[in-house]
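So the chains spell out like this:
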Amino acid sequence: MLFKKKQADKFDEILRVVDKNGNWTGTYKTRGEIHDNGFYHNNVAVWIINKKNMTILLEHRSPDKTKNPDRWCLVGGHIANDETPSQAAINEVKEEIGIKLKRKEVKFLCITPPVNNAKSFTYHFYFISNKIFNWFKIQKEELTEIRYINYNDWKKLVKHGSDKVAPKWNKYKIAFDLMDQILK
């Protein structure tokens with residue numbers, strides 16, 4: 001069964017259902033069904049880093065969001081319908097903050113599995129440059145603000161479990177370890 005890639009209402013966005021090992025089950029559900037019924041699914045997180053001044057671009061989620069409201073996180077979102085993870089990474093960056101990245105610029109980092117009661121596998125991608133983006137087209141229903149912060153400060157906030165950030169250390173530690181190696 002084929003669905004539109006994205007529907008107007010993000011709650012009705014069509015996602016692939018995966019099993020507890022991250023394998024596609026062959027079924028699709030709406031985003032609402034996924035979250036309401038606790039189905040495993042996939043999402044992306046994009047690490048946009050300025051290597052010259054060692055900063056990372058973060059988005060501040062809207063206080064109206066159901067998941068992680070009013071918290072800082074990496075740019076990202078669900079892998080919709082039949083998007084590849086890399087397509088989803090590029091699409092989420094464009095949709096949420098208006099930056100158009102090319103496929104060859106976005107590199108795969110790792111996949112982090114669900115932890116605790118979460119049901120999402122996160123595909124991490126990164127984009128490193130010496131360029132600082134100074135304009136954004138913020139998706140207002142999703143975000144309230146975009147900001148660069150020092151990479152090590154971001155890592156400390158996540159590691160110490162700040163209530164101001166969405167990522168959890170036990171899920172992101174692997175990604176941070178890999179990114180630390182890349183940024184050396």
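Residues numbered from 1 in each chain as written. Predicted model: local features only at pLDDT ≥ 70, side-chain atom pairs only at ≥ 80, totals over all residues. Heavy atoms only, no water.

Draft legend 1. Structural view of the overall build of the chain. A count of helices and strands for the chain gives four helices and nine strands. Counting from the amino terminus, helix and strand elements in the chain follow one another as β-β-α-β-β-β-β-α-β-β-β-α-α. At 16 Å, the chain has a C-alpha radius of gyration in line with the 16 Å of a compact globule built from 184 residues. In terms of its C-alpha atoms, the chain occupies a principal-axis envelope of roughly 45 × 35 × 30 Å. Evaluated residue by residue, the chain yields a buried proportion of 48% over its 184 residues. If you take every contact in the chain between residues at least 6 apart in sequence, the share linking residues at least 24 apart comes to 62%. Surface summary for the chain: the accessible area is close to 10000 Å², and the carbon and sulfur share equals 50%. Side-chain charges in the chain split into 33 positive and 22 negative, and the spacing between the mean points of these groups amounts to 6 Å. (Helix = DSSP H or I, 4+ residues; strand = E, 2+ residues; numbered from the N terminus. Rg over C-alpha atoms; globule rule 2.2 N^0.38 Å. Buried < 20%, exposed > 50% of the residue type's maximum accessible area, 1.4 Å probe, protein only. Contact = heavy atoms within 4.5 Å. Areas by Shrake-Rupley, 256 points an atom, 1.4 Å probe, with all protein chains shown as cover. Lys, Arg positive; Asp, Glu negative; His and termini not counted. Charge placed at Lys NZ, Arg CZ, Asp CG, Glu CD.)

Draft legend 2. Focus on the pairing of strand S8 (residues 120–129). The buried fraction of S8 is high, at nine of 10 residues. Bridge count between strand S7 (residues 107–112) and S8: five bridges; the pairing is antiparallel. Bridge pairing in S8 links Ile111 to Tyr123. (Pairing = 2+ DSSP bridges.)

Draft legend 3. Inspection of the packing of aromatic side chains at higher detail. The tally for this structure, following the rule as stated, stands at eight aromatic pairs. Summarising the aromatic geometry, the rings of Trp24 and Tyr28 are spaced 5.5 Å apart at their centres and angled 65 degrees between planes, so their arrangement reads as edge-to-face. Classification of Trp24 as partly exposed rests on a relative accessible area of 39%. Relative accessible area serves as the criterion here: at 17%, Tyr28 is assigned to the buried category. Measuring from centroid to centroid gives 6.1 Å for Phe127 and Phe133, while their planes differ by 40 degrees, and the two rings are tilted. Exposure remark for Phe133: the relative accessible area of 9% places this residue in the buried category. (Phe/Tyr/Trp six-rings, centres within 6.5 Å; stacked < 30°, edge-to-face > 60°.)

Draft legend 4. Highlighting the confidence of the model for the chain. Averaged over every residue, the pLDDT of the chain is 91; residues scoring 70 or more account for 94%. Per-residue pLDDT stays below 50 along residues 1–9; that stretch engages in 18 contacts with residues further than four places along the chain or on separate chains. (pLDDT = per-residue confidence, 0-100.)

Draft legend 5. Up close: helix H3 (residues 151–159). For H3, the complete set of buried residues consists of Tyr151, Trp154, Lys155 and Val158. Each buried residue of H3 lies within a common arc of 100 degrees when the element is viewed along its axis, so the set occupies one face. Looking at the packing, one finds that the buried side of H3 touches strand S3 (41–50), strand S4 (55–61), strand S5 (72–73), strand S9 (143–150) and helix H4 (169–183). Phi turns positive one or two residues past the end of H3, at Gly161, with a value near 70 degrees. (Arc of directions from axis to C-beta.)

Draft legend 6. Quick peek at the packing of H3 against H4. At a minimum axis separation of 10 Å, H3 and H4 run at an interaxial angle of 160 degrees. Between H3 and H4, the angle falls in the class roughly antiparallel. The way H3 lies across H4 gives a crossing that is left-handed. Residues Tyr151, Trp154, Lys155, Val158 and Lys159 of H3 pack against Trp169, Tyr172, Phe176, Met179, Asp180 and Leu183 of H4. Looking at the contact of H3 with H4 residue by residue, the class counts come to eight nonpolar, no polar and three charged. (Axes fitted to C-alpha atoms, helices over the stretch in contact; angles between N-to-C directions. Parallel < 35°, antiparallel > 145°, perpendicular 65-115°, else oblique. Left-handed = near helix turned anticlockwise from the far one by under 90°. Nonpolar A, V, L, I, M, F, W, Y, C, P; charged D, E, K, R; others polar.)

Draft legend 7. How the structure looks around the environment of Ala45. Inspection of the secondary structure puts Ala45 in strand S3. Considered as a pair, Ala45 and Ile111 are 66 residues apart in the sequence and their alpha carbons are 9.7 Å apart. Ignoring sequence-local partners within four residues, the contact set of Ala45 consists of Leu74, Val75, Gly76, Thr122, Tyr123, His124, Phe125 and Tyr172.

Draft legend 8. Unusual backbone geometry, seen in detail. At Met54, a position not held by glycine, the phi torsion is positive, near 55 degrees. Relative to the elements of secondary structure, Met54 occurs in the loop between S3 and S4. We classify Met54 as partly exposed; its relative accessible area is 24%.

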